[in-house]
Structures are given as structure tokens and as C-alpha cells.
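Reading the structure
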There are 6 protein chains.
Amino acid sequence: MTTKTPGLTHIDAAQRPAMVDIGDKQVTSRTATARARVRFPPDVAAHLRDEALRVAKGSVIDTAIIAGTLAVKRTHELIPFCHPLPIHGIAFAIDWSDAVTLSIECRVRTEHRTGVEMEALTGASVAALTVYDMCKALSHEIVLMDTRLLAKRGGRRDVGPEAAA
Amino acid sequence: MTTKTPGLTHIDAAQRPAMVDIGDKQVTSRTATARARVRFPPDVAAHLRDEALRVAKGSVIDTAIIAGTLAVKRTHELIPFCHPLPIHGIAFAIDWSDAVTLSIECRVRTEHRTGVEMEALTGASVAALTVYDMCKALSHEIVLMDTRLLAKRGGRRDVGPEAAA
Amino acid sequence: MTTKTPGLTHIDAAQRPAMVDIGDKQVTSRTATARARVRFPPDVAAHLRDEALRVAKGSVIDTAIIAGTLAVKRTHELIPFCHPLPIHGIAFAIDWSDAVTLSIECRVRTEHRTGVEMEALTGASVAALTVYDMCKALSHEIVLMDTRLLAKRGGRRDVGPEAAA
Amino acid sequence: MTTKTPGLTHIDAAQRPAMVDIGDKQVTSRTATARARVRFPPDVAAHLRDEALRVAKGSVIDTAIIAGTLAVKRTHELIPFCHPLPIHGIAFAIDWSDAVTLSIECRVRTEHRTGVEMEALTGASVAALTVYDMCKALSHEIVLMDTRLLAKRGGRRDVGPEAAA
Amino acid sequence: MTTKTPGLTHIDAAQRPAMVDIGDKQVTSRTATARARVRFPPDVAAHLRDEALRVAKGSVIDTAIIAGTLAVKRTHELIPFCHPLPIHGIAFAIDWSDAVTLSIECRVRTEHRTGVEMEALTGASVAALTVYDMCKALSHEIVLMDTRLLAKRGGRRDVGPEAAA
Amino acid sequence: MTTKTPGLTHIDAAQRPAMVDIGDKQVTSRTATARARVRFPPDVAAHLRDEALRVAKGSVIDTAIIAGTLAVKRTHELIPFCHPLPIHGIAFAIDWSDAVTLSIECRVRTEHRTGVEMEALTGASVAALTVYDMCKALSHEIVLMDTRLLAKRGGRRDVGPEAAA
């Protein structure tokens, strides 16, 4: 049992969890974009989209962006084997993708020896959790739908379409 | 525009985001259970479920539980308007719910003036992100499926079936 | 030199810094309100108060409130001898007090064995620093004016007028 | 409403708060110096300046320096849109500037794509809050006077006199 | 393999690590005292004990106390299955126990459903690490000797002599 | 008393604690390895080494590795004058060194202007504290034995044998 588990880079030869050593990787400019989606019950979504709530929604979205931004910066504290790294930019795009679904995209940019997909995923997730928290008095049926990587650039191989990168 | 937005408890009369004051609420024993699901591409799931990886998977799950447990305790640092509160217990149950989907349940218990649904949702989310991180070298097609509240007890009204509470 | 320094409760008999033991104090309902003020150069203030910037200012204020709220909750991590304590409510009121000065009031409520004046002062200070950060591209002449306690209630003696409490 | 707000670099084209992308800025050696001032009521200042308290004051100042140093390193956690960055040096100079006013200067040095003025301002502010905390049993009339940037070097343009840099 | 591991309270029936649920335990007044010891090479110890360094040593000890105090408050962030809990008091006693050994005692007091021995041990350990850091330019032969629990009170059974409690 | 204390690099000319300025040091590849040891009472050690506990021990060790890894990344938050720095790799080796003693080695790798010995010592210490926490229900006689630096490379001078580096 002294061989490394194929593919599981965070499991060492002793079958224990471990950080990957990135000391020999190249410093490159890297980006990653992830998306989370928050689905509301139809009446709650209608309520949130109502004219009268537009200003309030501004504050909901501001809060989500700020929480997500702070979470991106703390990814290495939350995900045990993520490396601390410089963050050059974080951008959120939050909007309705259909009548009941709020789409939250988080794009992160760095220049380092490892990618920032976990940072983008963590930022999108915490922003989505924050929207949930701000709206949970309206319903307990809110669901954080599929959270996934849309694109990454700058690592060994590109992921996702150029439009999303 | 000095009236409180109906239902959005975190928006104050000036339309600014705000913490809810819980000083006049009752201290009660409360629990909340949330579930996140991680869906793998079939070949990746098969690889992870393979006999040879069972011990390694132990470490993946241990890491997810620990990251999720720490995240529960830091929920009030991540979600801006969550209250800091005592945590009496945190329990994770992680297992395959079908051939390609890992189910992560997080149950949190407290005795306080407000519930712990955000804590349970945050714990499940960060555990799921950690599984993603541990397995991402295998695929970038992993998706955090629906994350939702399964049950809560001890607040103004119960949510979800007794079996999940 | 083995006597306690009169009045300096955080210096022990050995002249070393120390946390005050609050184990024998009463649990009471307590509030504290602090105020910071941010003074802008006249042209910068005029720019910020301009009609066209009103929505943007909303985001500046949202960001300050969120940063201040999070800082209140982390006061015991920032100020070495502050006690960790439950926070029942945090409320910010931010508005222009004159043509060039933005006033930031932070009111904190708890039920514990010690007061929350440092929490209120820390919340107001970090909210003011955040306003500075959001506006610093406009000028390096922004000044955080007087930051002070306006009122506290629930401790051995009340401080400040009832209107501010 | 799709144009960027002039001057408010932290507000994006959608009027939402956002981190500035520094990926294309130059890495340069940078310093920033900020100053906070703590003003005491005359009798409290006299008490603190008294011979008998000199050793104790040492501990008050040590505590302020340490709290300020730790706060500099956590600036990006406190101020939502500050970038995490390497810190090469932090130096505090704390002394009486007149009979009732303690001056706290904090100088920060880095080599990065963005400046450290928020780090210097945050360090000075938290050091001042710590002095307040250590002395608050003596008076609730202590005021954190003007906190401001004294000088910065290494960015697009210098700020402040050479003597303060 | 569905039985709980005897004695290992942090391993659940599925052999996974888990937090102990303290919801049904009694709230009692509790203290714990731990001690770490830092042993220096003789010449380094002599240097540190020298008259000329006494004031400097004051700052070394102040720094250790502050770092240890902050670490006590963050124990639940560092040790995965520790519960967040109120801290009523933290007291450090640091002195030479013999010519080359600095003894660091940390006593923690709470009123909660679980004890504070990990808080005391963490406080003593981080204070000792801080002394190491402050003195490491003098030698790399400094050793953190035995770190242990001296006494605890208020739980199911007392540990250690009354004099140490 | 305006001269710098010989050897105590963290004490400035005013006898106050201070961070060392590393701005003029070379960026080099650096490693440090530290070791902590946890000594159990013989019956507890036998219990832990028992066949039936082997899987459980896996979780104890996983938990220690994860806590230690997270602590390495937070060293600059725990030790006041440590610099925040990139971490390229963290590796733990945990095994019995004799019948009653668990040895915990932590090796840290960076490329920066200062070394990572405090990171390695902090990682080993927190991993050891975590083992203590996981096993403390079995005994209060567990002792964290000598924690020390085994080797470092990449600074002004090497420390320790090549085999440990």
C-alpha cells in the first residue's frame, strides 16, 4: 500500500490526505470562472422581481458580492489542501437566468503556480448561500442548484468555452 | 421609502442590509439538517467506488467532514448577517445515494435564540467543495447538485419530515 | 512592584497585560453605540453627494455596513483582551452630518457579563475604513475624524444620553 | 446606467461593488505610513504619563503594536475589496505628541501591484482601538482623533512629505 | 464495524471523525491550567536573563501572552472538533523554572457544557511558539519541552492538584 | 537605551516588539522540517495500537494532518511577527517512534524572503494538539514531548542533517 492512488493527487503514498507540492510548477497568469444558481419557489421569485423590491434587491446582491469576494480570499482557510495565493481580481455577475433562477458567476484571476478554480467555486457558493440567508424568511424551499466550473485558463489545459473564460 | 421590505428581514427601513435583532427571541434547543450532493461523471464515480480506492476514499471523506465541521463554526464569519452562536453538535453522514452521486448530510444542534439552518447549509456546502477539490484532478465535470435544507426543529415552525430532523 | 496598577484593569500584578476575568459578573442586557466620522475634501464630498452617484453611494454604504458588521463579530480577534461574546443585534446608521462629513453610527446589543463598547467602536472604525477604501481613488485627503462612544447601557453605570443609547 | 462611476473604482458598470483588477499593474516596492491619534481627558493622560505607570504603559504599547501588526496582516479580511498581498515590514512608532494625545504611526512595506495605504490605516486604527480598550476603565471620554494617511511611495504618484514616508 | 470505538469519543459509529454532542451536558463553571516549557541552550538563556535584556524580555513576554490569549480564543478554529465557547478569563504566568527553562502556564476559565483543557493547552503552546520566534535568531536549538495539562476543575472528575487549578 | 538588543531581532531600538523587515532579503527556495512527539501512558498507547483501532487511528491521523496543514497556512495570524508568505507544499509524516510515542513531522516548502521554520513548528504543534484532543477521553496524562526544528534549507545557513531536510 505504498503506491500513490491514481488520480487522487491529494492522497499520498501512505494513503493519507496531503497538499500537492506546487514548488516546481510554472508561474502563469490564470483565471477561473464558476457559476452557482439559486432557484426560488415561483411566488418568492415573483416577489423578489417585483418593482417595489428593486432597491432592496440591490442590497441583497451587494451583500452576496461582498460575502463571495471575502470567501474567495479565504478559500485556503476553508478547503484544507488549497494553497494560499495572490488574488489579482474577482468579478461577480449576478442576474436572473429565468423567471425563478438567480445565476451567480464568479471569475477569479491570479498569477501563480496553481489555478483558482476552487476560489471561483467557493466565491460562487458563498455568494449563493448569502442570497439564501437574505431571502430565507420568505421560504425554506430555496435550493442552491448546480454549482460548477464554467471555464479556466492558464493551467496545463484549458477548460470551457472562450466566452465563459 | 421608510417602510420595511415585506419578508426581507435583512433589509432595514432605509433599504440597507442589516442583521436581525434576536435579543427578544426565546432560547430554545434547535437543530437543522442540510444536504449537498456531488455528482461525478460515471467513469470517475466508478474509479472512486473501486475496491482499491476504498481506503483513500476514507481520507477524502475525513477531509470533507473536517472542512465542513470547521465551516459550520465559521458560518457567522462567512455569511455577513448570521449571528455568532454556540454549537453543541455537528454530525455528517456521507454516502453514495446512487452510482454517481455522493450525498453529504450535515446536522447541526444548538441552544440559542435563532436557528442553525445557515450553519447546516454552509457545512454541507464546504464539505462538498472539499470533495470537489480532492477529486478535481480526475475531472472538471464534477457538479455540486442541489444543496437544500432537509429539516429544522425548535424555531417558530418545524420544517421537513421527522425522519430527517 | 506586585500591586495592581490603579485603573489599568488589563495590567496584572506582574505588570504584564492580561484579560479581565468576567466570570463573577452578572449577565445583563447591554447595548453600546459608537460613532465614526469620515471627512472628505469639499469637491470629493460634492461629487459623492451628486445625484448621479446616488445609486453608487448605495453600494458604498452597503459595503461599509457589511464590513462593519463582520468586524463587530470579530472584535475579540482584533482587540487582544476582548472577550468572545454573543451578539444579538448590530445596527448601522450612515448619513451626511454636514456637507463634507459622513457620520457612521454603530449600535451593538448583547446579553452577557461584559459590555460591547469595543464591538461598537470596532464596527464604526472598520465601516469608516471601508468608506475610505471605496473613495480613496478620489483623494488621499480623506480623514477619519473623531471616533467615540456615544452611549452604553446595562453595565455598572450608564454612559451618554438616552437618545443615543 | 452601464457606464462606470467616475472615480469610484470599486463600483462596476452595473453599479455593484467590485474589486479592482490589479493583474496588469506593475510590481513595485511600495510603502505607506498612516497615523491615528488617541486623545485622553487631561487627568487620565496625566495618570498614564505618571512615573509609576511607565512600566505598565510599556505593556499597553506592546499590546497596541501587536494588535496593530496582526491587523495589518488581516486587512484584506476586514476591508472587502482589499487584495491579499505580501507584507515585507511593519513598523510602529507610538509616543505622546502633546500632553493629552498619544500618536500612533504605522508604516507598512510591500512589493506588489497595489499600495498598502489601507494596511497602514487599518494597523494604526486597530492599535488605537487597543489603546482605548486597555485604558477604558479610566474614562469613557477617550477619542480616536484624526486617522489619516501621512505618506505613500511606489505607486503612480507619491503622497506626503519625504520625511514621513 | 458499526460499533463506536471504545474511548475514542471523536470517532463515530462509521469510523469517521466527529464532534461530540454536548447538548445534554450540564453548564458548569470550569477551569483548566496547562503548562509548556521552553528550554534554551545555556548561553542563550544566560543572554536572555542578563540585566541588560530585562526590558526587552518584558516585550518578549508581553508578545507571548498576547499571542497565547488570542490563540485560546481561536482554539475551536484550530482544533477541528473543539466547540466554540465563551471565555470568561485567561491568565498567563511566565517565569524561569530553572537556569535554562522558561515555564509558561496558561489558565482558562469558562462556564459551559464542556471543559477548556484544549484551550489552555493551545494557549500555552502558541505562547511557547511565540517565545521561540522572538528568540530564534539566537539559536535553532531551542526546544519546546513537555506541554501538558496541570489541572482541571468543573467536569465529571477533577484532574491535578488543587494548587495548580 | 536606543541601541538594538543584540540578537533579539524582534525588539526594536525603542525596546518595543517589531516585525523584521525582509524587503531587502533574497527570494530563495526554502524548506523547514519540525517534529513534535506525543507520549501516551502505556495502556493508552497499547489501546491505540491495537488491531481493532487501526481504522479509527486512520481518522485520528487524518484529522491531525488536516489541522496541522491549516495551521501552517495560518502561522502569520498566530505568531505576531511572522510574515504572511506563499506555501508551496506541506507534508506530514506521522508514525510511532517507540511503543508509547507518536512522532509527527511537518515539512514546509516556500519560495520567499524568509524561512518557514515557524510554519513547520506551528504545523507540528497543532497536529500534536489535535491528536491530544482526539485521545483525551482516554487519559489526561498525554504529554506533548519535545517539539523542535529538525532541519532547514535555503536561508543564510543550513540547519540539521540532509536526511531530515
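Residues numbered from 1 in each chain as written. Chains lettered and ligands numbered in written order. Predicted model: local features only at pLDDT ≥ 70, side-chain atom pairs only at ≥ 80, totals over all residues. Heavy atoms only, no water.

Quick reminder of the rule: UniProt positions are given in the numbering used here, feature names are shortened, and annotations may be inferred rather than shown by experiment.
By the naming in an unreviewed UniProt entry, chain A is cyclic pyranopterin monophosphate synthase, taken from Chiayiivirga flava. Recorded under Pathway (unreviewed entry), the UniProt text for chain A is reproduced unchanged: "Cofactor biosynthesis; molybdopterin biosynthesis." Within the UniProt record for chain A, the comment given under Function (unreviewed entry) is "Catalyzes the conversion of (8S)-3',8-cyclo-7,8-dihydroguanosine 5'-triphosphate to cyclic pyranopterin monophosphate (cPMP)."

A short note on the pattern of salt bridges
Heads up, the condition is: For this analysis, a salt bridge means a side-chain nitrogen from Lys or Arg found within 4 Å of a carboxyl oxygen belonging to Asp or Glu. Relative accessible area decides the class of each residue, using a 1.4 Å probe on protein chains only: under 20% of the type maximum gives buried, over 50% gives exposed, and in between gives partly exposed. Secondary structure follows DSSP: runs of H or I at least 4 residues long count as helices, runs of E at least 2 residues long count as strands, and numbering of each begins at the N terminus.
This model, assessed by the stated rule, comprises 84 salt bridges over all chains. Between B:Arg74 and B:Glu77 there is a salt bridge, with the nearest N and O atoms lying 3.2 Å from each other. The two residues B:Arg74 and B:Glu77 agree in class, both being buried. One salt bridge in this structure joins D:Asp146 and D:Arg35, with 3.0 Å as the shortest N-O distance. One end of the pair, D:Asp146, is in the loop between strand 4 (143-144) and strand 5 (148-153); the other, D:Arg35, is in strand 1 (residues 28-39), with 111 residues separating them in the sequence. The exposure class of D:Arg35 is buried, given its relative accessible area of 18%.

Let's talk about the relation of the copies chain C and chain B
Here is the rule we go by: Superposition of the copies used a least-squares fit over C-alpha atoms from residues whose pLDDT is at least 70 in both. Here, residues are in contact when the closest pair of their heavy atoms is within 4.5 Å.
Mapping chain C onto chain B leaves a residual RMSD of 0.0 Å; the transformation is a rotation of 120 degrees accompanied by 0.0 Å of translation along its axis. On the angle and the small slide along the axis, the relation comes out as a three-fold axis. Comparing contact sets, just 6% of the residues at the interface of chain C also lie at the interface in chain B, consistent with a heterologous contact between different surfaces.

Some details on helix 1 (residues 42-49) of chain C
All names here are of chain C. For clarity, the threshold we go by: To be clear, the arc concerns the directions from the helix axis to the C-beta atoms.
For helix 1, the full list of buried residues reads Val44, Ala45 and Leu48. Take helix 1 and look down its axis: the buried residues cluster within an arc of 100 degrees, on one side only. For helix 1, the exposed residues lying more than 90 degrees away from the buried face are Pro42 and Asp43.

Focus: the pairing of strand 3 (residues 101-112) of chain E
All names here are of chain E. Convention followed: For two strands to pair, DSSP has to find at least two bridges joining them.
Most of strand 3 is tucked away: nine of the 12 residues are buried. Two elements, strand 1 (residues 28-39) and strand 3, share 12 bridges in a ladder whose sense is antiparallel. By the bridge assignment for strand 3, Ser29 is matched with Glu111. Pairing analysis gives nine bridges linking strand 2 (residues 89-98) to strand 3, with the strands arranged antiparallel. When the bridges of strand 3 are listed, Ile90 appears paired with Val108.

Looking at the interface of chain C and chain B
The line we're drawing: Throughout, buried area stands for the accessible area (probe radius 1.4 Å) lost by two parts on being put together, summed over both. We call two N or O atoms a polar contact when they sit within 3.5 Å, provided that within protein one can donate a hydrogen and the other can accept it, with sequence-adjacent residues counted only if both atoms are side-chain atoms.
Chain C puts 18 residues into the contact, and the matching count from chain B is 18 residues. Between chain C and chain B lies a buried interface of about 1,600 Å² when both sides are counted; carbon and sulfur atoms form 53% of it. Sorting the residues of chain C by area buried against chain B places C:Lys73, C:His88 and C:Arg109 first, and these three jointly supply 36% of that buried surface. At the junction of chain C and chain B, the tally comes to five salt bridges. In this structure, C:Glu111 and B:Arg113 form a salt bridge, with 3.4 Å as the shortest nitrogen-oxygen distance. Where chain C touches chain B, the interface holds 10 residue pairs in polar contact (both at pLDDT 80 or more).

Regarding the arrangement of the chains
Note that chain B does not reach chain D: the shortest distance linking a C-alpha of one to a C-alpha of the other is 10 Å. Between chain A and chain E there is no contact, and the shortest C-alpha to C-alpha distance separating them is 10 Å.

Examining the interface of chain C and chain D
Between chain C and chain D, the contact holds 55 residues from the first and 54 residues from the second. Contact between chain C and chain D buries roughly 4,700 Å² in total, counting both sides, with carbon and sulfur atoms accounting for 68%. Interface area lost by chain C to chain D is led by C:Leu8, C:Leu129 and C:His140, which between them contribute 13%. Summed over the shared surface of chain C and chain D, the number is eight residue pairs in polar contact (both at pLDDT 80 or more). Elements with a minimum of two residues in the side of chain C that touches chain D: helix 1, helix 2 (54-73), helix 3 (75-78), helix 4 (117-135), strand 4 (143-144) and strand 5 (148-153) of chain C. The element that contributes the greatest number of residues to the side of chain C that touches chain D is helix 4 of chain C, accounting for 12 residues.

A closer look at the side chain of A:Arg74
Of note, A:Arg74 is situated in the loop between helix 2 (54-73) and helix 3 (75-78). Ignoring any residue separated from it by four or fewer positions in sequence, one finds A:Arg74 in contact with B:Arg74, B:Glu77, C:Arg74 and D:Glu77.

Considerations on helix 4 (residues 117-135) of chain A
Convention followed: Helices are assigned an expected span. That span is 1.5 Å times one less than the residue count.
End to end, helix 4 of chain A covers 27 Å across 19 residues, agreeing with the expected 27 Å (1.5 Å per residue, within 8%). Buried residues dominate helix 4 of chain A, accounting for 19 of its 19 residues.

Digging into the environment of F:Arg153
All names here are of chain F. Checked against the element boundaries, Arg153 lands in strand 5 (residues 148-153). Judged by relative accessible area, Arg153 falls into the buried class, the value being 17%. Separated by 121 residues in the primary sequence, Arg153 and Ala32 place their C-alpha atoms 6.5 Å from one another. Within polar-contact distance, the side chain of Arg153 engages the backbone oxygen of Val159 at 2.9 Å.

What about the packing of helix 4 of chain C against helix 4 (residues 117-135) of chain D?
In plain terms, the rule: Helix axes use the C-alpha atoms of the stretch in contact, all axes being lines fitted to C-alpha atoms, and the angles between their N-to-C directions lie in the range 0 to 180 degrees. Each angle receives one of four descriptions, namely roughly parallel if under 35 degrees, roughly antiparallel if over 145, roughly perpendicular if within 65 to 115, and oblique otherwise. In this scheme the handedness of a crossing depends on how the near helix is turned from the far one: anticlockwise by less than a right angle means left-handed, clockwise means right-handed. When residue character is reported, Ala, Val, Leu, Ile, Met, Phe, Trp, Tyr, Cys and Pro are called nonpolar, Asp, Glu, Lys and Arg charged, and the others, Gly included, polar.
Contact pair helix 4 of chain C / helix 4 of chain D: the axes reach a minimum separation of 11 Å and the direction vectors enclose 165 degrees. Judged by the inter-axis angle, helix 4 of chain C sits roughly antiparallel to helix 4 of chain D. The element helix 4 of chain C and its partner helix 4 of chain D pack so that their crossing is right-handed. Contacts from C:Glu117, C:Met118, C:Leu121, C:Thr122, C:Ser125, C:Leu129, C:Tyr132 and C:Asp133 of helix 4 of chain C reach helix 4 of chain D at D:Glu117, D:Met118, D:Leu121, D:Thr122, D:Ser125, D:Leu129, D:Tyr132 and D:Asp133. The class makeup of the residues in the contact of helix 4 of chain C with helix 4 of chain D is eight nonpolar, four polar and four charged.

Notes on the relation of the copies chain C and chain D
Mapping chain C onto chain D is achieved by rotating through 180 degrees and translating by 0.0 Å along the same axis, at an RMSD of 0.0 Å. This pairing of chains is accounted for by a two-fold axis. Here 98% of the interface residues in chain C have copies in chain D that are interface residues too; the copies meet face to matching face.

Thoughts on the nonpolar core
Operational definition: Take the buried Ala, Val, Leu, Ile, Met, Phe, Trp, Tyr and Cys residues and link them wherever side-chain atoms come within 4.5 Å; each set so joined is a nonpolar core.
Core analysis: the biggest nonpolar cluster contains 306 residues, and A:Phe40, B:Phe40, C:Phe40, D:Phe40, E:Phe40 and F:Phe40 have the highest contact counts within it. Excluding anything up to four places from it in sequence, F:Phe40 contacts F:Ala45, F:Leu48, F:Trp96, F:Val100, F:Leu102, F:Val131, F:Cys135 and F:Ile142.

As for the packing of aromatic side chains
Residues and elements named next belong to chain A. Note the threshold: Note on aromatic pairs: the rings of Phe, Tyr and Trp (six-membered ring only in Trp) are paired at centre separations within 6.5 Å, and the planes decide the class, stacked below 30 degrees, edge-to-face beyond 60, tilted for the rest. Comment: the charge-over-ring label is applied if NZ (Lys) or CZ (Arg) is within 6 Å of the ring centre and within 35 degrees of the ring normal.
Counted according to the given criterion, the structure contains six aromatic pairs over all chains. Each ring, one from Phe40 and one from Trp96, has its centre 5.7 Å from the other, and the planes form 50 degrees; the classification is tilted. Here the residue Phe40 occupies a position in the loop between strand 1 (28-39) and helix 1 (42-49), and Trp96 occupies one in strand 2 (residues 89-98), the gap between them amounting to 56 residues. Given the relative accessible area of 18%, Trp96 is considered buried. The ring centre of Trp96 lies 4.8 Å from the NZ or CZ of Arg49, which sits over that ring.

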